[in-house]
Amino acid sequence: MNCNGKFRSAECGVRSDSRSKPARHSLFRISRSCHSSLATRHLSAFTLIEVMIAITLFSLVLAAIYSSWTLIWRASRVSQAAAAQVQRERVAIHTIEDALTCIQSFQASMRYYSFVINDDPPQLDFTARLPDNFPRNGKFGDLNVRQLVFSLETGPNSEKDLMLRQKPILLDMDEDEQKNPLVLARNVQTFKVECWDTNQAEWTKEWDSTNTIPSLIRVSLVLGGNNKDFGSAAPTLSVTRVIAVPSQTMPAAVQMRGSIPGQIFVPPPAALGAPVGPGGPGGPGGPGGPGSILKK
């Protein structure tokens, strides 16, 4: 019995040991798996410093993208403003050139056909037979012979604007044209008109011979950019144009003789400045000379 009991106890001890070993192994495995999972979690997480560095780098990238977009947007606005400025200056110069190439002057009617320029304030005043495509031509209808006044005046934003006023030659300037002139260009920094003096062989800002027309006229125009939006980056555009005037002042003798009803006057070359001699064409006693009137 004892032996059996011992064997049983021994057997029981063996059995109990064999039964407890799997439980110990399972606990060890669980604890080991927990440690490995904690270690894995610890290795895959970010530290606070890493997060701050990532946020800083992301902020730098965003700032670079925003600054690049701002520069592109600003450059686009400056280029558009420069293109519009070139267009305004082209229209202004083209309008002045068209008017000067159509200028008219009659010495016997200097009251209506005088040619005046001023330096301070800048102003250009003359009479011309304007084409049908001239600005505001529809307002005046068939009255193409009009007096034009180009002047530099202060605009609504305290900037200098190039204004154009016009009126028919025998009529007074109406109130609407006086108060609402045509604005050819805005923010004009310089508007300068010079005439070629053939006697002094130089450009002059004053033209005292208002009863004559200069052969060459130089117009300088400088337009400033939008300083309110662009500051110092506002573009400035300058253009200078030399215009050859194809017209001359009609002498009073030619104008008065040709006004006799029923007669056609043949102007002598001497009245137009051509050299003639006695007995020659246009000279005294010659064909086309003084008093040569052809009856119809």
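All figures in this text were calculated on a predicted structure; none of them were measured in a lab. The residue numbering used here restarts from 1 in each chain and proceeds along that chain's sequence as written. Local features in this predicted model are restricted to residues whose pLDDT is 70 or higher, and side-chain atom pairs enter the listing and the counts only when it is 80 or higher, whereas totals over whole chains, interfaces and linings include all residues. To obtain the side-chain values, all non-hydrogen atoms of the structure were included, while hydrogens and water were left out.

## With respect to a negative patch on the surface
As a reminder of what qualifies: Patch criteria: residues need more than 30% relative accessible area and no salt bridge. Like-charged residues are merged within 9 Å; nonpolar side chains of Val, Leu, Ile, Met, Phe, Trp and Tyr are merged within 5 Å. The protein chains shown are the only cover counted for residues, whose accessible areas, like all others here, come from Shrake-Rupley with a 1.4 Å probe. In the sections that follow, a salt bridge refers to a side-chain nitrogen of Lys or Arg positioned within 4 Å of a carboxyl oxygen of Asp or Glu. The charge count treats Lys and Arg as positive and Asp and Glu as negative. His and the chain ends do not count. Note that the charge is assigned to NZ on lysines, CZ on arginines, CG on aspartates and CD on glutamates. Accessibility here uses a 1.4 Å probe with only protein chains present; expressed as a share of the type maximum, an area under 20% marks a residue as buried, one over 50% as exposed, and anything in between as partly exposed.
On the surface, a cluster of negative charge is contributed by Asp119, Asp120, Glu206 and Asp208. Residue classification places Asp119 among the partly exposed positions, given a relative accessible area of 39%.

## Notes on the sheet that holds strand S3 (residues 145-154)
Our working definition: Two strands are said to pair when DSSP picks up at least two bridges between them. Secondary structure is summarised from DSSP: a helix means a run of H or I of at least four residues, a strand means a run of E of at least two, and numbering begins at the N terminus for each. Inter-axis angles, ranging from 0 to 180 degrees, are taken between N-to-C directions of lines fitted to C-alpha atoms, where helices are fitted over the stretch in contact.
Sheet architecture is open: five strands sit in the order S1-S2-S3-S4-S5, paired in antiparallel fashion. Each edge of the open sheet carries a strand with a single partner, namely strand S1 (116-119) and strand S5 (182-185). When strand polarity is set aside, the average angle formed by the axes of neighbouring strands in this sheet is 25°. Of the pairings in the sheet, the one linking strand S4 (residues 160-168) to S5 comprises three bridges and is antiparallel in character. Its bridge partner lying in S5, Met163 is registered against Val183.

## Focus: the packing of aromatic side chains
Applied cut-off: By convention, a stacked pair of Phe, Tyr or Trp rings (six-membered ring in the case of Trp) has centres within 6.5 Å and planes under 30 degrees apart, an edge-to-face pair has planes over 60 apart, and any other such pair is tilted.
What the rule picks out here adds up to six aromatic pairs. On the numbers, 6.4 Å between centres and 10° between planes, the contact of Trp69 with Trp73 is stacked. Taken together, the residues Trp69 and Trp73, both in helix H2 (residues 48-101) and four residues apart, mark about one turn of the helix. On the accessibility criterion, Trp69 (53% relative accessible area) is exposed. Using a relative accessible area of 44% as the deciding quantity, one classes Trp73 as partly exposed. Centroid distance Phe115 to Phe126: 6.2 Å. Interplanar angle 35°. Geometry classified as tilted.

## Let's talk about the pattern of salt bridges
Opposite charge on two side chains lets them pair, provided their charged atoms get close. Scanning the entire structure with this criterion turns up nine salt bridges. Of the charged contacts, one joins Glu194 and Arg218 as a salt bridge, the two residues approaching to 2.7 Å between their closest N and O atoms. Of this pair, Glu194 sits in strand S6 (residues 188-197) while Arg218 sits in strand S8 (residues 216-223), and the two are 24 residues apart along the sequence. Relative accessible area serves as the criterion here: at 22%, Arg218 is assigned to the partly exposed category. Overlapping salt bridges bring together Arg136, Lys139, Asp174, Asp176 and Glu177 as one network.

## A short note on the pairing of S8
When you tally the buried positions in S8, you get six out of eight residues, the bulk of the element. Bridge count for S6 against S8 is seven bridges, and the pairing is antiparallel. Bridged to Val188 within S8 is Leu223. The pairing of S8 with strand S9 (residues 237-244) spans eight bridges and is antiparallel. Considered in S9, the bridge of Val219 is made with Arg241.

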